[in-house]
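# Close look at the chain arrangement
So you can see what is in the structure, the chains are spelled out below.
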Amino acid sequence: MRLKEVLEEALRLAKPPPREEEELKETVNLLLRETRAEAEKTEGAVNVSLEGSAAKGTWVKGRAEADIFIHFEPTVPKERMEREIVELGFRVLERLKGRPRLMYADHPYVEGRVGEVTVNIVACYRVEPPGWLSATDRTPYHTRYVLERLGAEQRDQVRLLKAFMLGCGVYGAEIKVRGFSGYLAELLILHYGSFPGLVEAASKWKPPIILDLEGHYRSAREAAEAFPGQPLVVIDPVDRARNVAAAVAEERLAEFILASKLFLRSPSLRFFGAGPKPRRPSLTQLARGRNILAVSFRTGVKKPPDVLWGELRRSGEGVKRALERLGFQVYRSGAWTDEEKECLLVYELAYLRLPPTRLHRGPPAHHPNALQFIEKWVRSRERAAGPWVEGMRLYVLRREGMTDAVKLLKREVLEGRVALARGLIDEIKQAKITTQVTRLARNRRLQRYLREFLSARPTYL
Ligand code: CTP
Ligand code: CA
């Protein structure tokens, strides 16, 4: 397909039909009415507003979401504000049969679902920039900034971009993805004018990329110096001290650059997650001849996805470091959860068994400790051979007691030598550690994740 045709078709997939717009509008009105009534009864709550993509007309078809913000007086203490928003959000959503659920980003909020619309009820302080008191206070300013600048055509360009980023797995600032937020997508379109314009530019990006839409800094260099080490810096138009792209992991940026190059080379709906999917071999086929180790467990308490994903990532890192410390070479690692209870950490290793013996280097013969070394090793049960002299030094061949990756890791975990997130320690101590990943695929989604992990290649490639 040619670029123009692909873009037209992709927009048909990304742009909500009038029916969806209508439903969202009605639900939003209902929510605003109910929330205002509740806010009036809440001391210190001064305003209720619609924010996010519903307010800006930039949501993607099938992903309608109402972000309802309640603005509090700055004199209200944070603990009270957090308590009020949770109680209020639950009341409103329960009344609308919205099945409320407590969520947590860097602040607590309430999520629910009314009809086809996902609802977030969030608190912020009514403050003037730059006197931010909480992480959400900038949001109403973001909405205003985008609304005043983004035209109707560009709103569709944002939708195209979000659909592309969704299709390529880089959309979303949550910890699960560590990718591009909706606001960031909007700023990128504002800066580059259109989706093709952005993709063209991104295909030539060489990080660090510095964008300063409002010229808050005198030069790109000065802006870069304010955010050292960050591969993508997009200065927040409403707050010069904030990088809108701070949550973007370097892998997501690299994936976006790569996807842009590939898309320009041969445009296709695959990049938007549509069209025929490449068939992946079965799990058994993929796992054959490879050394995979998995840690599978269930979480006891249900917690917000951002919290669980954070704990999972940190624990995954801890296990990786432990494996390396034990002497294993870790090629790749991954983590997965259904966000309800099933969790998985998975590793591809060079080998699943350590060599039965290891060379142990001692001091030079002339060193004062030479005799001590000999004393120790001659009597040691771990000694397989030696001590002998090679060059000026003493050596022994040392027998490994345990060589099996599963057993070694289990021991390290049980003896508390693996740095795990506190919230998952008990669960991981009882985890099933196995090299038989094909037997793990209890459910469809886990199976799909394992196939993705093992094929290690994005669908658009
Ligand atoms: N926000 C927040 N806390 C939430 C939900 C939203 O702070 N629980 C803020 C975000 O920081 C953002 C705005 O509200 O400034 C909208 O967030 P989000 O829903 O992530 O992005 P959208 O622009 O609405 O994009 P999408 O189409 O993905 O909904
Ligand atoms: Ca939203």
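It should be noted that the structure appears before, not after, this text.
The sections below set out a description of the structure shown in this document. (Residues numbered from 1 in each chain as written. Chains lettered and ligands numbered in written order. Predicted model: local features only at pLDDT ≥ 70, side-chain atom pairs only at ≥ 80, totals over all residues. Heavy atoms only, no water.)

### Points about the overall build of the protein
Secondary structure assignment for the protein yields 16 helices and 15 strands. Projecting the C-alpha coordinates of the protein onto the three principal axes gives extents of approximately 80 × 55 × 50 Å. The 461 residues of the protein split such that 49% are buried. Of all intrachain contacts in the protein linking residues separated by at least 6 positions in sequence, the fraction that spans at least 24 positions is 68%. Within the structure as shown, the protein displays about 23700 Å² of accessible surface, and the carbon and sulfur contribution to it stands at 49%. The distance from the centre of the 79 positive side-chain charges to the centre of the 60 negative ones in the protein is 9 Å. (Helix = DSSP H or I, 4+ residues; strand = E, 2+ residues; numbered from the N terminus. Buried < 20%, exposed > 50% of the residue type's maximum accessible area, 1.4 Å probe, protein only. Contact = heavy atoms within 4.5 Å. Areas by Shrake-Rupley, 256 points an atom, 1.4 Å probe, with all protein chains shown as cover. Lys, Arg positive; Asp, Glu negative; His and termini not counted. Charge placed at Lys NZ, Arg CZ, Asp CG, Glu CD.)

### Describing empty space enclosed by the protein
The final tally for this structure, using the stated rule, is one cavity of 30 Å³ or more. Quantified by volume, the largest cavity comes out at close to 60 Å³. No other element matches the four residues that helix α4 (residues 78-95) contributes to the lining of the largest cavity. A breakdown of the residues in the lining of the largest cavity according to their chemical character gives four nonpolar, three polar and two charged. (1 Å grid on protein atoms, 1.4 Å probe; cavity = no way out; pocket = protein on both sides within 12 Å on 5 of 7 lines; lining within 4 Å. Points joined across faces, edges and corners; volume = space filled by probe spheres on them. Nonpolar A, V, L, I, M, F, W, Y, C, P; charged D, E, K, R; others polar.)

### Some details on the nonpolar core
F180, F195, F256 and F272 are the most contacted members of the largest nonpolar core, which has 80 residues in total. Every residue in contact with F180, bar those within four places of it in the chain, is listed here: M165, V170, Y171, G172, A173, L188, L232, V248, R252, L253 and F256. If you look at the next biggest cluster of nonpolar residues, it comprises 29 residues, including L312, L323, F328 and L420. (Core = buried A, V, L, I, M, F, W, Y, C linked by side-chain atoms within 4.5 Å.)

### A word on the pairing of strand β13 (residues 383-390)
Bridge analysis of β13 against strand β14 (residues 393-399) gives five bridges, and the strand direction is antiparallel. For R383, the partnering residue across the bridge sits in β14 and is R398. Counting the residues in the hairpin turn of β13 and β14 gives two residues, including G391, whose phi is positive at 60 degrees. (Pairing = 2+ DSSP bridges.)

### A word on the packing of aromatic side chains
Applying the stated criterion to the full structure yields 19 aromatic pairs. Between F164 and F271, the aromatic rings sit 6.0 Å apart at their centres with planes inclined by 10 degrees, giving stacked as the arrangement. One end of the pair, F164, is in helix α6 (residues 152-167); the other, F271, is in the loop between α10 (250-265) and α11 (283-287), with 107 residues separating them in the sequence. Taken together, F164, F180, Y192, F195, W205, F256, F263, F271, F272 and Y460 form an aromatic cluster joined through their ring pairs. The side chain of R159 reaches across the aromatic face of W59, ending 4.9 Å from its centre. Between the NZ or CZ atom of R240 and the centre of the ring of Y217, over which it lies, the distance is 4.3 Å. (Phe/Tyr/Trp six-rings, centres within 6.5 Å; stacked < 30°, edge-to-face > 60°. Lys NZ or Arg CZ within 6 Å of the ring centre and 35° of its normal.)

### As for the site of ligand 1
Residues in close proximity to ligand 1 total 15 residues, the closest being S53, E65, H107, K162 and Y171. Note that a nitrogen atom of ligand 1 is positioned 3.0 Å from one of the side-chain N or O atoms of H107. For ligand 1, the accessible surface in isolation is 580 Å², of which the surrounding protein chains cover 78%. Of all elements in the fold, only α3 (52-56), β2 (65-72) and α5 (139-149) reach the threshold of two or more residues within the shell around ligand 1. Along the lines of polarity and charge, the residues of the shell around ligand 1 split into four nonpolar, seven polar and four charged. (Near = heavy atom within 4 Å. Polar contact = N/O pair within 3.5 Å; in protein donor to acceptor, adjacent residues only side chain to side chain.)

### Description of the environment of L349
With respect to the secondary-structure elements, L349 resides in strand β11 (residues 342-349). In sequence terms L349 and E324 are 25 residues apart; their C-alpha atoms lie 9.8 Å from each other. Not counting the four nearest positions on each side in its chain, L349 is found in contact with N291, L293, L323, F328, Q329, V330, Y331 and A405.

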